[in-house]
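# Remarks on the overall topology
Each chain is listed here by its residues.
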Amino acid sequence: MPKSEQIHSERYRRGETLRAVIKSVEVTPKGPDIIVSRSDNHFLYKLFELEVPEISEQVIEIKSVARDAGSRTKIAVKTNDNRIDPVGACVGMRGSRVQAVSSELGNERLDIVIWDDDPAELLINAMGQVEIDSIVFDEDKQVMEVAVTKDTLAQAIGRSGQNVRLCSQLTGWKINVIDKD
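Worth saying up front: this structure is predicted, and the values here are computed from it rather than measured. (Residues numbered from 1 in each chain as written. Predicted model: local features only at pLDDT ≥ 70, side-chain atom pairs only at ≥ 80, totals over all residues. Heavy atoms only, no water.)

### Looking at the overall build of the protein chain
Along its length, the protein chain carries 7 helices and 8 strands. By its C-alpha atoms, the protein chain is 60 × 35 × 30 Å across when sized along the principal axes. A buried classification covers 40% of the 181 residues belonging to the protein chain. A separation of at least 24 residues holds for 56% of the contacts in the protein chain among residues at least 6 apart in sequence. Carbon and sulfur atoms provide 46% of the accessible area of the protein chain, an area that totals close to 10,700 Å². In the protein chain, the 24 positive side-chain charges and the 30 negative ones have mean positions that sit 8 Å from each other. (Helix = DSSP H or I, 4+ residues; strand = E, 2+ residues; numbered from the N terminus. Buried < 20%, exposed > 50% of the residue type's maximum accessible area, 1.4 Å probe, protein only. Contact = heavy atoms within 4.5 Å. Areas by Shrake-Rupley, 256 points an atom, 1.4 Å probe, with all protein chains shown as cover. Lys, Arg positive; Asp, Glu negative; His and termini not counted. Charge placed at Lys NZ, Arg CZ, Asp CG, Glu CD.)

### Quick notes on the pattern of salt bridges
Summed over all chains, the structure comprises 11 salt bridges. With a closest N to O distance of 3.3 Å, Asp68 and Arg165 form a salt bridge. With Asp68 in strand β3 (residues 60-68) and Arg165 in helix α7 (residues 162-171), the pair connects residues that are 97 residues apart, well separated along the chain. Exposure remark for Asp68: the relative accessible area of 25% places this residue in the partly exposed category. (Salt bridge = Lys/Arg side-chain N within 4 Å of Asp/Glu carboxyl O.)

### Let's talk about the packing of helix α1 (residues 41-51) against helix α4 (residues 96-104)
Between α1 and α4, the least distance of the axes is 10 Å, while the angle of their chain directions is 140°. The pairing of α1 with α4 is recorded here as oblique in orientation. As for the relative orientation of α1 and α4, their crossing is right-handed in sense. Touching Phe43, Leu44, Leu47, Phe48 and Glu51 of α1 are Arg97, Val98, Ala100, Val101 and Glu104, all from α4. In terms of residue class, the contact of α1 with α4 is made up of 7 nonpolar, no polar and 3 charged. (Axes fitted to C-alpha atoms, helices over the stretch in contact; angles between N-to-C directions. Parallel < 35°, antiparallel > 145°, perpendicular 65-115°, else oblique. Left-handed = near helix turned anticlockwise from the far one by under 90°. Nonpolar A, V, L, I, M, F, W, Y, C, P; charged D, E, K, R; others polar.)

### Topic: the layout of surface pockets
For the largest pocket, the calculated volume is near 160 Å³. Arg72, Lys74, Arg109, Asp111, Ala126, Met127, Gly128, Gln129, Gln155, Gly158 and Asn163 are the residues that line the largest pocket. If you list the elements that add at least two residues to the lining of the largest pocket, you get β4 (72-79), β5 (109-114) and α5 (119-127). Classifying every residue of the lining of the largest pocket gives 2 nonpolar, 5 polar and 4 charged. (1 Å grid on protein atoms, 1.4 Å probe; cavity = no way out; pocket = protein on both sides within 12 Å on 5 of 7 lines; lining within 4 Å. Points joined across faces, edges and corners; volume = space filled by probe spheres on them.)

### Quick word on the packing of aromatic side chains
Under the counting rule described, the total for this entry stands at 1 aromatic pair. Arranged with centres 5.3 Å apart and planes meeting at 75°, the rings of Phe137 and Trp173 form a pair that is edge-to-face. Of the two residues, Phe137 sits in strand β6 (residues 132-138) while Trp173 sits in the loop between α7 and β8 (174-179), which places them 36 residues apart along the sequence. When its relative accessible area of 34% is taken as the criterion, Phe137 is described as partly exposed. Here Trp173 falls in the buried class, since its relative accessible area comes to 7%. (Phe/Tyr/Trp six-rings, centres within 6.5 Å; stacked < 30°, edge-to-face > 60°.)

### Comments concerning α5
Those residues of α5 that fall on the buried side of the exposure criterion are Pro119, Ala120, Leu122, Leu123, Ala126 and Met127. Down the axis of α5, the sector holding all buried residues measures 160°, keeping them to one side. Immediately downstream of α5, the backbone of Gly128 shows phi near 70°, a positive value. (Arc of directions from axis to C-beta.)

### Re the sheet that holds β6
Across the sheet, which stays open at both edges, the 3 strands sit in the order β6-β7-β8 with mixed pairing between neighbours. Each having just a single partner strand, β6 and β8 make up the two edges of the open sheet. Strand-to-strand, the axes of this sheet are offset by a mean angle of 20°, without reference to chain direction. Against the sheet, α5 engages β6, β7 (143-148) and β8, with an angle of about 140° to β6. Running at roughly 140° to β8, α7 makes contact with β7 and β8 of the sheet. (Pairing = 2+ DSSP bridges.)

Encoded structure:
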């Protein structure tokens, strides 16, 4: 497992049993080299597929994943059955399903939000508790300018810009956060 495919906060020992996803197989003169990953988004998807039967049955769909491996992840989910709450199904009873995935990932913080085809609504869902005053789109440059209250500016940006970076990856738009005042 190359360093780039590891979760930075984890330490591995020879002979230790780990879950990982196979990223590639390269045939060499000495035999096959199998590259595995614990930081790949597909690994997170497969863990949720194991823990949440609705995902493996394709009743709930993971539409987008934004991940800072070992630290924080945002997942946008959508249901194909309006009777099912996709976030509640992924979280599970008393958080059992999401805690199982989080503990496998070294207690990575997981935010699960509802997917929306409208990028503004998806951003509002992804930002969580942040009070958004206005959103201005630049369709040509794929940029959203988001005005937030002064009280929630730090929360909107996040530690070292992590929250806004993950929201940007989740929506597929570049996001500029500004103070509305």
